[in-house]
Structures are given as C-alpha cells and as structure tokens.
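Each chain, written out:
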Amino acid sequence: MKSSRFAALAAAALVCPGIVLVSGSSAAANPAVGAPGTHNAITDVPGIQVGQVQSDTAPYLTGTSVVYMPQMSVASVDQRGGAPATKETDLLSPLNSNPGVNAIQLGGSSMYGLSATNGIIRWLEDRGEGVRVGAGGVAPIVPAADIFDLGRGGDPKARTSAEWGYLAAQATSDGPVRQGGVGGGTGARGGGLRGGVGTASVHLGDGIYVGAMVIVNPAGSPVDPADCTLYGVKFGIGNEFAGYKAPKKKECNPPSTAAQQPANTTIAVVATNAPLEKAAAQRMSGNAHDGMARAISPIHTLGDGDTVFAVSTGKGEALQINDPADTRQLNAIFNAGASTLARAIAKAVLSSESIGNSTSYCDRYPSACKGMKQLKQWRTQGNAPDVTPETFAQASQALKQTPVPAPAAADNGKDKGKGKPKAAPAGNTTNDATQDSQNGMVLASGNAGGPSVPTGVTTALLAAGVLAVGLLGMHLRGRRRAPSAGLS
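Residues numbered from 1 in each chain as written. Predicted model: local features only at pLDDT ≥ 70, side-chain atom pairs only at ≥ 80, totals over all residues. Heavy atoms only, no water.

(A) Representation of the overall build of the protein. Within the protein, the secondary structure is distributed over twelve helices and 13 strands. For the protein, the proportion of its 488 residues judged to be buried stands at 49%. Intrachain contacts of the protein at a sequence separation of at least 6 include 81% that bridge at least 24 residues. Of the roughly 22500 Å² of accessible surface on the protein, a fraction of 54% belongs to carbon and sulfur atoms. (Helix = DSSP H or I, 4+ residues; strand = E, 2+ residues; numbered from the N terminus. Buried < 20%, exposed > 50% of the residue type's maximum accessible area, 1.4 Å probe, protein only. Contact = heavy atoms within 4.5 Å. Areas by Shrake-Rupley, 256 points an atom, 1.4 Å probe, with all protein chains shown as cover.)

(B) Seen up close, the pattern of salt bridges. Here the structure, examined in full by the defined rule, presents five salt bridges. The shortest N-O distance in the salt bridge between Asp 78 and Arg 80 comes to 2.8 Å. (Salt bridge = Lys/Arg side-chain N within 4 Å of Asp/Glu carboxyl O.)

(C) Local environment of the environment of Asp 126. Within the secondary structure, Asp 126 is located in helix α3 (residues 117-126). Looking at Asp 126, the relative accessible area reads 44%, which means it is partly exposed. When the C-alpha atoms of Asp 126 and Val 138 are compared, they prove to be 9.4 Å apart, with twelve residues separating the residues in sequence.

(D) View of helix α4 (residues 162-170). Summarising burial for α4: eight of the nine residues are buried, a large majority. Buried within α4 we find Ala 162, Glu 163, Trp 164, Gly 165, Tyr 166, Leu 167, Ala 168 and Ala 169. In this structure, the buried side of α4 is in contact with β1 (49-55), β2 (62-79), α3 and α10 (389-398).

(E) Local environment of the packing of aromatic side chains. According to the stated counting rule, one finds five aromatic pairs in the structure shown. Between Tyr 361 and Tyr 365, the aromatic rings sit 4.8 Å apart at their centres with planes inclined by 50°, giving tilted as the arrangement. Classification of Tyr 361 by relative accessible area gives buried; the value is 0%. For Tyr 365, a relative accessible area of 0% gives the class buried. What links up through ring pairs into an aromatic cluster is the set Tyr 244, Tyr 361 and Tyr 365. Here Arg 159 stacks its cationic end above the ring of Tyr 112, 3.6 Å away from the centre of that ring. The ring of Trp 378 carries Lys 347 above its face, with NZ or CZ at 5.0 Å from the centroid. (Phe/Tyr/Trp six-rings, centres within 6.5 Å; stacked < 30°, edge-to-face > 60°. Lys NZ or Arg CZ within 6 Å of the ring centre and 35° of its normal.)

See the structure below:
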C-alpha cells in the first residue's frame, strides 16, 4: 500500500472551477487543497526551477526558457502536432533506459534554436550534473522543443544559439516566473494575436503540487469566436482571473487566422512532486494535451508541433499505471495537469503585450482586461534578462572548450621516454575573441560571426602549400639540367 499522503488527491481533482476546498490536514506552509501555490507557477512544484532570456531588439524577437531540476528527475513526453522541432525525446520513452532529465528547454527559433541546448548542457556539465560516464565525466540530459518564430523580429537568421541557453540556465530560480512575451515565448503568436509564456499551479493536498509552463504559439486560436472570451479562463481557480470580463460586443471582431503562417506550435512542461514511474509520466504528458484542447481550437494541426513534457521530482515508491491501488491518485494528478495547463494558456495570452505588428489580446479587447490588476504582476515578477552583446560575449567566453592535451605525434620509436606533450594553458583568452563573440549578436552580409578556420589548421595549410611549390621548383630545375647531363 502506498503512503497515505496522497489521500487528498482525489478530492482535489473534483474541485470545480472557481471553488477552493480547505484541507484540515495541509501543512501551515501549504495553501488549501485545490488552490494555486505561492507563485501560481510551475516553480511551486518542489524541485523545479525556471530560467528565461530573450531579445526583442530588431531584428531579434525570440528567446529561450529552461525548466531545470537540480536533482535528476523522471520525465517523459507526448508529441501530437504534425510539425515538431524537438530533441532527445526518444530518451524519454518508458522502453528506453534513460533514468531521467536534468533540464528541459522550451525555446524559440524553431529547429535552429535547438542548438541552445548545447549551452544548457555545458552549464550543467560545469556543475557536474548529468548521467555519470567514464572517469568523472557526466552526460547532462536536456530534451527540448521549440516553437516557430523565425523572422518575426525582422530577419530569420536572428535566432538563439548555445550562448542563449547558457544564459537562461544561469538565470534559473525557484521563485516567480515572468509571463507574456518573454523567454521562449518572445516571438510567439496565436489566433492572429501575440502569444507568450504562461504558468500555473495547484496544491493537491499534503504538500503535493502539479504545475504547468507553456509557450502559446498555435495555428489555432485561444479565443472563442462566439463572444471573444478566452477558452481557458473558465478553468480558473478562485479569483485567479478576477476582473476579467467578456469583451464588449462592439470590440468582438476576432482577427482572421486564414493568412497566418502555417508553421506554429504550442509546447509545455507539466510537473508534479508526486513520485511517478516513467510510464506514468508519459501518461501524464498525454493527458495534459487535453488541457491544450480545452484552451485552443483547433489544436494539433499539421502545421503545429504541439509537444508536452511531464516531470516527476518526487522520491520514494513510485505510483504505477498498472497498479489498481494507484489508479485514483494518478487520475487526480493527470486531471490536474490538464486543467493547470489550460489555465496557464489563458494566463500567457492575457500577460502578453503588443509589439510591432503583433497585437495582444488585451489591446484588441481592452474591456475584457480593464479590471485585471494582477496583469502587472504576471508581466513583471520573476527574472527574465535580455540578451545583449555584452552578456552574449560573456556566455561565449564561458562556452570555450576546456583545453585538452594535444595528441602525441607519431614517434616511430624515436621519442620514447621523452614524456608527454604539455596541455595548453586554460583560460587563454584575448580581446579579439571577445570581439568575435560580440559579433555573434550582429547580423551582416557574408559569413560575419560564423566560425573561423582554426589558426593551427591555417598554418598547416600554408606550410603544405610552400612545400608543394618547393618540390615543384626542384622538379622543374631537374628537367632543365637533364639534357646537358646526357651530352657530357
């Protein structure tokens, strides 16, 4: 029999929208059963941290968000859209041996932005976090999913890279999470409106939480065309959406989505600190897609890459989907995941602000948001630093590979006993290297900012060229001397 600490889960799953039940058994530090956590964010789940960075300075309009687990955690994924941009998702199948994840990236820049995971991986490696491999080595596990936002800031080549992932990882914390047009949701759009990042949580009792974080960027719309309300608001808890009203009829003229780019995607992480087996985590991620379907219509189109990750940070005896004794508890967790994700989607849309030619929901329907005093808090609480040329250069410097000993030259028995070659000194940096890093935030014609040929390779090529010219000259001189040698 599993621990009795899950006894309140079933009751919490039956909480109706807008009603909060009080649990007499909850610890003083925890909210009532069915209420949001302290931050009403995924970071209310113990063992979850979030970091975000972005740039909305033209030609950039993109960013990176990271969900970080200081203790490697069980995770799985369910992918249902027709055009995903994902990485390392096969590892999360219950059929595969991977024990868990260190972090999950929810990013912008589509398939190009998947390279931002390299920076997250390096940050984790520097901290010694990951699956142990070899003598003292680690292999950090960082699955990822990205939205399509290419070119929305002015140039499709203005996109994230490893430096962005490193900076996002550096910004992780377990505090409030900034929402709206930040992080991986900076360039997001949906239903003809600006999308963005949203998050929410719920306490299921006895210290067990479920949280969700989402980037809303769908081909469909979060807006009900009948009255221009947000589908997800009806799943709000208590006064979560206090002040929200249906827009005035004269404002209700939903934007057409017919001309919208058919490349989109809504991506999310749902998390709990209840201990789950890997198969249960996969079931949680699958059920959470119901939350997307409640808050966005249509969903899972061929132009979307809709993907949901599920994470369990809990320790102890894991709940199992094939154990009848666990069914009630698991259903409560799964249902909470779907509802929490629907709430997070509504919060993302309400938190976003207009930028350029991308209009926010609250600017298009001002009467709906006029009384929502909490919007300022959602948009400003939490750390989400901008990527600047200076911070980009600092991250680039940090990402430089640690020097390793050069391979020994083939000695053919000549240099035995002379010792090993010395390693290059660590931290050998120059102002030129910093300047090159700064150029990585500047778009220019040609190959500016791209990788240069290593100095050692260049020297070797020049030496080979000089040798070839010398040999050719000797050959030609030999041919000119040949006739005179024959006459003598």
